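Observations on the model geometry
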Amino acid sequence: MKSEKPRFVVVSIVVAFCIILIVSAFAIAADTEQVIQITAKRFVYTPTDITVKKGVPVVLEFTSLDRLHGFSCPGLGIRTDIPPHKVTRLRFLPQKAGTFPFHCDNFCGSGHEGMAGTITVK
């Protein structure tokens, strides 16, 4: 009867190699995302003008300093609620170049209509 030890060693090496490849792929993906931090408060987003690259994954990280706000960018098909004092992440992949307006779509008081900005995809 032949020993199973050489077979076990080969399988172990293959499994370890696969794990290394998977972990590396996740690390590369995390490095290639463009992360943009956005603060929302009555009646402004900061920053109001955002520039991203077409085909590069984007993570918008929102924090509301005061109350519930909304974020809507219909031209890019993205939308989220921004609850107060929590980080809300919105991932998207810009597929088309252009300048796309965004706005708050949760009424937050007089001045709400001016809570807007643009995302430029180059």
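A short tour of the structure in this document, coming up. On a predicted model such as this, the values are computed, not experimentally measured, just so you know. Starting afresh in each chain, residues are numbered from 1 along the sequence in its written order. Whole-chain, interface and lining totals are the exception, using all residues; otherwise, since this is a predicted model, local features are given only for residues with pLDDT of at least 70 and side-chain atom pairs are given and counted only at 80 or more. Based on all heavy atoms of the structure, the side-chain values leave hydrogens and waters out of the count.

1. Structural notes on the packing of aromatic side chains
The following threshold applies: Pairing of aromatic rings covers Phe, Tyr and Trp, the last through its six-membered ring, and needs centres within 6.5 Å; plane angles under 30 degrees mean stacked, over 60 mean edge-to-face, and all others mean tilted. Numbering of helices and strands runs from the N terminus; a helix is a DSSP stretch of H or I covering at least four residues, while a strand is a stretch of E covering at least two. For every residue, the accessible area (1.4 Å probe, protein chains only) is compared with the maximum for its type, and the residue is labelled buried under 20%, exposed over 50%, or partly exposed between those bounds.
Scanning the entire structure with this criterion turns up 4 aromatic pairs. Judged by centre distance (5.9 Å) and plane angle (85°), the ring pair of Tyr 45 and Phe 71 falls under edge-to-face. Here Phe 71 lies in strand 5 (residues 69–73) and Tyr 45 lies in strand 2 (residues 44–46), a separation of 26 residues in the sequence. Of the two residues, Tyr 45 and Phe 71, neither departs from the other in class, the shared state being buried. Ring geometry for Phe 62 versus Phe 71: centroids 4.7 Å apart, planes at 50°, classification tilted.

2. Examining the nonpolar core
Our working rule: Side-chain atoms within 4.5 Å link the members of a nonpolar core, which is a set of buried Ala, Val, Leu, Ile, Met, Phe, Trp, Tyr and Cys residues.
Counting residues in each nonpolar core, the largest one holds 23 residues, and the members touching the most others are Tyr 45, Leu 60, Phe 71, Cys 73, Leu 76, Ile 78 and Ile 119. Mapped onto this core, the elements with two or more residues apiece are strand 1 (34–41), strand 3 (49–52), strand 4 (58–64), strand 5, strand 6 (78–82), strand 7 (87–92), strand 8 (98–103) and strand 9 (116–121).

3. Digging into the pattern of salt bridges
How we decide: Salt bridge criterion: a side-chain nitrogen from Lys or Arg within 4 Å of a carboxyl oxygen from Asp or Glu.
This model, assessed by the stated rule, comprises 4 salt bridges. For Glu 33, the salt bridge identified is with Arg 91, shortest N-O distance 3.3 Å. On the criterion of sequence distance, the pair formed by Glu 33 in the loop between helix 1 (5–32) and strand 1 and Arg 91 in strand 7 is long-range, its members being 58 residues apart. Look at Glu 33 and you get partly exposed, because its relative accessible area is 25%. A salt bridge links Arg 79 to Asp 105; its shortest N-O distance comes to 2.7 Å. Highlighted residues: Arg 79 in strand 6 and Asp 105 in the loop between strand 8 and strand 9, separated in sequence by 26 residues.

4. A few points about the sheet that holds strand 2
Heads up, the condition is: Each pair of strands is called paired provided DSSP finds at least two bridges between the two strands. Fitted lines through C-alpha atoms give the axes, limited to the stretch in contact for helices. The angle between two N-to-C directions lies from 0 to 180 degrees.
One open sheet accounts for 4 strands, arranged 2-1-4-7; its pairing is mixed. The open sheet terminates on both sides in strands that have one partner only, identified here as strand 2 and strand 7. Direction aside, neighbouring strands of the sheet carry axes that sit 25° apart on average. Sheet topology places strand 1 next to strand 4; 7 bridges connect them, and they run parallel. By the bridge assignment, Ile 36 is partnered in strand 4 with Leu 60.

5. A short note on the environment of Tyr 45
Note the cut-off: The contact criterion used is simple: two residues touch if any of their non-hydrogen atoms lie within 4.5 Å. Polar contacts, as used here, are pairs of N or O atoms within 3.5 Å; protein pairs need one atom able to donate a hydrogen and one able to accept it. Residues neighboring in sequence count only if both atoms are side-chain atoms.
By relative accessible area, Tyr 45 is classed as buried at 0%. For the pair Tyr 45 and Thr 63, spaced 18 residues apart in the sequence, the C-alpha separation amounts to 9.7 Å. Those residues in contact with Tyr 45 that sit more than four places away from it in its chain are Ile 38, Thr 39, Ala 40, Gly 70, Phe 71, Ile 82, Phe 102, His 103, Cys 104, Met 115 and Ala 116. From its side chain, Tyr 45 meets the backbone oxygen of Gly 70 in a polar contact 2.3 Å long. Of the polar contacts made by the side chain of Tyr 45, one reaches the backbone nitrogen of Cys 104; its length is 3.4 Å.

6. Regarding the side chain of Thr 80
Here Thr 80 lies in strand 6. Judged by relative accessible area, which is 13%, Thr 80 ranks as buried. Thr 80 has contacts with Phe 62, Gly 70, Phe 71, Thr 88 and Leu 90, leaving out every residue within four places of it along the chain.

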